[in-house]
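This is what each chain is made of:
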Amino acid sequence: MLVFSLALLASTVLAAAPVRIIGYGFLPYDPLCAQSCWRSFASGYQLSCTPTSHSHGGHGGHGSARTPPECFAQDDAYLTSVAWCFSQKCGEDDVPISKLEKFWEDWITGGNKVAPKWPYSVALEKASRDPPTYELTSADKMLNQTSLVNPAKYLAQWNIHKDIVQEGILESHVGLAIIIASFGLPVALTLLGYLPFMTRLIHKVNPYLVFPSLISSFQVRPLPYLLGNAPTIGQTLYIVLFISLNVVLSSVGFQSRQPNGWFTDSWSEISVYVIYRTGTLGLVLLPILFLFSARNNVLLWLTNWSHATFLLLHRWVARVFMLYVVVHSILGLQYYAAQANETWWIWGAVATIATVVSVLFSGLYVRKTRYELFLISHILLAVFIVVGSWYHVILWYKTTSTIRWPEITWGYELWIYVGIGVWVFDRFVRIARVLKAGVRKSKVTDLGAGYIRIDVPGVRWGSEPGRHIYAFFPTLGSKLRPWENHPFSIIPSYMLQKKPDGTGEADGRPVSSGEEEVSISWSKDEEKQLGAMVPRTRRVASVEETAKSSAGITLLVKKESGITKHLKADDGLITLLDGPYSNITHTSEMLGCDRLLLIAGGTGITGVLPWAHSHWNIKLAWSVSESARTLVDNVELSGVTGTKDVRVGRRSNVEELVSEEAAMGWQRVGVVVSGPGGLCDDVRAAVVQAARKGKTVFELEVDAYSW
């Protein structure tokens, strides 16, 4: 699957390869001398064949119309004057004759397919018979003889087109620099970790950069007022570097030359270059935006960064993208207001509005309260952004005399194509995963108190810990919504089945298994009812007590306000599975620890139980609320060897748990936490504190889906 996926991604990107960007296989206005000569004669002068438009107003008279390509193709004075300018100006730059002939063929009549009556060599030969001596001035309005180019007009054209070429090359350079830095930094930092002398340094750095949150203990828990999720310090460094790189590269290298063929002052010229730069860099960020949000992200396969990390970075990239789009549009409104009714302009406005709405209405307050609405609207707005950007670029091409789309473009659309390629690749692999898993009929069991168990039979994905899926329930609820899917941690169903040898619990009586220690404690209210606080275990009500197959996965679900609120007992709920995906970025390092401390809260047990079956030395601490005691009754722990501390109505003291592991003298302890945001953040803070002050090396994995 991995090899196929990489091949598919490569093919989608290479499909855009024929499109070239400025400075990499393509230069606009090349050769610059020919471009300046042509534009100096093609605008501002009437030819003998230029149509005249008669005015019937009170003062009478006549005016000039735009010179058509057929007139340029047939006018002797125009053709010989431009040919002579080519020979004089381009001769100074040693431009090959073949390049001049090609430019003549493509552009001399205005960049269309109307061929001139003479090729360049013939026009130059005719001009050479009687070399021109008259030099055009700013007062001349007619071109009716072979003439020398106006030096001031030629310089103005050369200045503006030289600046535009340099700006285009710089935009390509800085765009590629942003792409390489965004893509390459995670890969480079991951590769550094494989160097033998880096292991010790990484263990020293983790408690200070990788583990701790930037803002207090907020990380999985949302910030107050649902402002978002705070990044870790390491994530913050990447964000700061990314923003700084964009600020610097979008601000440097601007040049202005006067006199100028388009702008009367340097301020106007630089402002338009800012429009170009922000528009280009906004398009450059599209592939990064789609890549960081993708479930099938090649960086997830090449690095040890988690999907949650890339989702967080995706949101910051989106904010920078929005800033580029807004600046581009505001300045464009100032300098191109006269073209606001043009179709290319309208599509740009559509993309701008869709961008702003998408970013502002993708906040945590929307994702937490209206996830289904967020999901479908986010996809639709992304479509409007891509389609609007494409039309904005392509239709603008068609208004520009030096661009012939699709034969000759400036390459801006390349970034759109690459972004589409990344998005299509991700969606294709998602569909492939769903098709591979097939249509399943799940058994849904209502455990009570709002908890649901979903058993999906026949799935053979092994017992690798730290994985999740995205589940579709297309027939769930009153409306058919096949696009809605939700992430769930998964556990192989056999881990929840009663042991066939009979070890485990029966009739509420504790039964030991090997050297394991089992302790289930209740809250004080329940202790009074029981008469004493006693170690206690309960029998597991497995869905199929006599199951003989290890196939199948199980989900434990807490009903929420979204689609999960419709879950109820069902023996054949149609289920589609997109997955499995890994939550864990360095499974081998965790399993290589001397000891695993597994901390779970509520349904988070599904995230840690596979670890308990994968390591020889574990301690499992699972706490649930009093209302969730049904989970304890329905999760089998007899197959877990090691210390098990299950608390109902009482939360585990995570600082104490982590400190105890450090005090026991283990050299390396892996801590895996899965559960509510508050629990995850408390464990993170406890591990940071213990790792900073003790000799024990800690590895930390937080198994929590990031909204």
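Predicted model only: the values in this text are computed from it and were never measured. (Residues numbered from 1 in each chain as written. Predicted model: local features only at pLDDT ≥ 70, side-chain atom pairs only at ≥ 80, totals over all residues. Heavy atoms only, no water.)

Draft legend 1. A look at the overall build of the chain. Helix and strand counts for the chain come out as 22 helices and 17 strands. A total of 707 residues make up the chain; the buried ones form 50% of that total. When contacts within the chain are restricted to residue pairs at least 6 apart in sequence, those whose partners lie at least 24 apart make up 73%. (Helix = DSSP H or I, 4+ residues; strand = E, 2+ residues; numbered from the N terminus. Buried < 20%, exposed > 50% of the residue type's maximum accessible area, 1.4 Å probe, protein only. Contact = heavy atoms within 4.5 Å.)

Draft legend 2. Seen up close, the nonpolar core. With 92 residues, the main nonpolar core has Tyr78, Phe86, Trp104, Leu285 and Phe292 as its most contacted residues. Among the elements that take part in this core, helix α10 (residues 266-293) stands out by supplying 13 residues, more than any other. Non-local contacts of leucine 285, meaning those with residues more than four positions away in its chain, are made with Ile178, Phe242, Asn246, Val317, Val320, Phe321 and Tyr324. (Core = buried A, V, L, I, M, F, W, Y, C linked by side-chain atoms within 4.5 Å.)

Draft legend 3. Up close: helix α9 (residues 233-249). The end-to-end C-alpha distance of α9, which contains 17 residues, comes to 24 Å, matching closely the 24 Å that a straight helix rising 1.5 Å per residue would cover. Among the residues of α9, Gln235, Thr236, Tyr238, Ile239, Phe242, Asn246 and Leu249 are the ones counted as buried. Considering only its buried residues, α9 is in contact with α7 (151-192), α10 and α12 (307-335). (Expected span 1.5 Å × (residues − 1).)

Draft legend 4. Summary view of the pattern of salt bridges. As enumerated under the stated definition, the model contains 16 salt bridges in all. Between arginine 277 and glutamate 167 there is a salt bridge whose closest N-O contact spans 2.7 Å. In this pair, arginine 277 is assigned in helix α10 and glutamate 167 in helix α7, connecting sequence segments 110 residues apart. On the basis of relative accessibility, which here comes to 3%, the residue glutamate 167 falls in the buried class. With a shortest N-O distance of 3.1 Å, arginine 647 and aspartate 645 are connected by a salt bridge. By relative accessible area, aspartate 645 is classed as buried at 12%. (Salt bridge = Lys/Arg side-chain N within 4 Å of Asp/Glu carboxyl O.)

Draft legend 5. Representation of the sheet that holds strand β7 (residues 467-472) in the model. One open sheet holds the 7 strands; their spatial order is β8-β7-β12-β5-β6-β11-β9, and the pairing between them is antiparallel. In this open sheet, the two strands that pair with only one neighbour each are β8 (485-489) and β9 (491-492). (Pairing = 2+ DSSP bridges.)

Draft legend 6. Focus on the packing of aromatic side chains. For the coordinates displayed, the defined rule picks out 25 aromatic pairs. The interplanar angle of 40° and the centroid separation of 5.7 Å between the aromatic rings of phenylalanine 86 and tyrosine 120 together place this pair among those described as tilted. Remark: tyrosine 120 occurs in helix α6 (residues 120-129) and phenylalanine 86 occurs in helix α4 (residues 76-92); sequence separation between them is 34 residues. Across the pair, tyrosine 120 and phenylalanine 86 agree in class, each one buried. Geometrically, the ring pair formed by tryptophan 390 and tyrosine 391 is edge-to-face, given 5.0 Å between the ring centres and 80° between the ring planes. Among the residues examined, tryptophan 390 registers a relative accessible area of 21% and is labelled partly exposed. One aromatic cluster in this structure is built from Trp38, Phe86, Phe103, Trp104, Trp107 and Tyr120. Across from the ring centre of tryptophan 118, 4.4 Å away, lies the NZ or CZ of lysine 117, which sits over that ring. (Phe/Tyr/Trp six-rings, centres within 6.5 Å; stacked < 30°, edge-to-face > 60°. Lys NZ or Arg CZ within 6 Å of the ring centre and 35° of its normal.)

Draft legend 7. The state of the cysteines, seen in detail. Within this structure, the stated rule accounts for 3 disulfides. Note that cysteine 37 is cross-linked by a disulfide to cysteine 85, the S-S spacing being 2.0 Å. Given an S-S torsion of about -75°, the disulfide between cysteine 37 and cysteine 85 has left-handed geometry. Separated by 48 residues along the polypeptide, cysteine 37 in helix α2 (residues 32-42) and cysteine 85 in helix α4 bring together distant segments of the chain. Here cysteine 49 is linked by a disulfide to cysteine 71, with a sulfur-sulfur distance of 1.7 Å. Handedness of the cysteine 49-cysteine 71 disulfide follows from its S-S torsion of about 90°: it is right-handed. (Disulfide = S-S within 2.5 Å.)

Draft legend 8. Structural view of the confidence of the model for the chain. Per-residue confidence for the chain averages 87 on the pLDDT scale, and 87% of its residues sit at or above 70. In the model, residues 502-516 has pLDDT below 50 throughout and makes 24 contacts with residues more than four positions away in sequence or in other chains. A low-confidence stretch, residues 526-547 (pLDDT under 50), is modelled with 49 contacts involving residues beyond four sequence positions or located in other chains. (pLDDT = per-residue confidence, 0-100.)

Draft legend 9. Up close: the environment of leucine 155. The topology assignment puts leucine 155 in helix α7. Judged by its relative accessible area of 37%, leucine 155 falls in the partly exposed class. Through-space distance from the C-alpha of leucine 155 to that of asparagine 260 is 7.6 Å; in sequence the pair is 105 residues apart.

Draft legend 10. Region of interest: the packing of α9 against α10. Contact geometry of α9 with α10 gives a least axis separation of 11 Å together with a crossing angle of 155°. The pairing of α9 with α10 is recorded here as roughly antiparallel in orientation. Like other packed secondary-structure pairs, α9 and α10 cross with a definite hand, here right-handed. On the side of α9, the interface is formed by Tyr238, Phe242, Asn246 and Leu249, while α10 contributes Arg277, Leu281, Leu285 and Phe292. Looking at the contact of α9 with α10, its residues break down into 6 nonpolar, 1 polar and 1 charged. (Axes fitted to C-alpha atoms, helices over the stretch in contact; angles between N-to-C directions. Parallel < 35°, antiparallel > 145°, perpendicular 65-115°, else oblique. Left-handed = near helix turned anticlockwise from the far one by under 90°. Nonpolar A, V, L, I, M, F, W, Y, C, P; charged D, E, K, R; others polar.)

Draft legend 11. Spotlight on a nonpolar patch on the surface. Taken together, the side chains of Ile353, Val357, Leu360, Phe361 and Tyr365 make up a nonpolar region of the molecular surface, amounting to roughly 490 Å² of accessible area. Along the polypeptide, phenylalanine 361 turns up in the loop between α13 (343-360) and α14 (364-369). (Patch = residues over 30% accessible without salt bridge, like charges linked within 9 Å, V, L, I, M, F, W, Y side chains within 5 Å. Areas by Shrake-Rupley, 256 points an atom, 1.4 Å probe, with all protein chains shown as cover.)

Draft legend 12. Representation of the packing of α2 against α4. Running from N to C, α2 and α4 point in directions that differ by 150°, and their axes come no closer than 9 Å. In terms of axis orientation, α2 runs roughly antiparallel to α4. Crossing of α2 against α4: the hand is right-handed. Here Cys33, Ala34, Cys37, Trp38, Phe41 and Ala42 of α2 come into contact with α4, specifically with Tyr78, Ser81, Val82, Cys85, Phe86, Lys89 and Cys90. Here the contact of α2 with α4 is built from residues that sort into 11 nonpolar, 1 polar and 1 charged.

Draft legend 13. Structural view of the pairing of strand β11 (residues 553-558). Counting buried positions along β11 gives 5 out of 6 residues, so the element sits mostly inside the fold. Across 6 bridges, strand β6 (residues 451-456) lies against β11 in antiparallel orientation. Bridging across to β11, valine 456 finds its partner in isoleucine 553. Across 2 bridges, β9 lies against β11 in antiparallel orientation. Across the sheet, residue proline 492 finds its bridge partner in β11, namely isoleucine 553.

Draft legend 14. Examining the side chain of glutamate 171 more closely. Looking at where glutamate 171 falls in the secondary structure, it is placed in helix α7. The charged side chain of glutamate 171 is buried without a salt bridge, its nearest counter-charge being arginine 277 at 4.7 Å. Engagement of the side chain of glutamate 171 in a polar contact is seen with the backbone nitrogen of arginine 277, the distance being 3.3 Å. (Lys, Arg positive; Asp, Glu negative; His and termini not counted. Polar contact = N/O pair within 3.5 Å; in protein donor to acceptor, adjacent residues only side chain to side chain.)

Draft legend 15. Region of interest: the environment of phenylalanine 242. Mapped onto the elements of the fold, phenylalanine 242 is located in helix α9. Distance in space between the C-alpha atoms of phenylalanine 242 and tryptophan 316 is 9.0 Å, their sequence separation being 74 residues. Sequence-distant contacts of phenylalanine 242, that is, excluding residues within four places in its chain, are made with Ile178, Ser182, Leu285, Val317 and Val320.

Draft legend 16. Geometry of the environment of glutamate 701. Following the sequence through the fold, glutamate 701 ends up in strand β17 (residues 697-702). On the basis of relative accessibility, which here comes to 5%, the residue glutamate 701 falls in the buried class. Between the alpha carbons of glutamate 701 and serine 674 there is a distance of 8.7 Å; along the sequence they are 27 residues apart. Not counting residues within four places of it along the chain, the set of residues in contact with glutamate 701 comprises Asn583, Ile584, Thr585, His586, Met590, Val671, Val672 and Val673.

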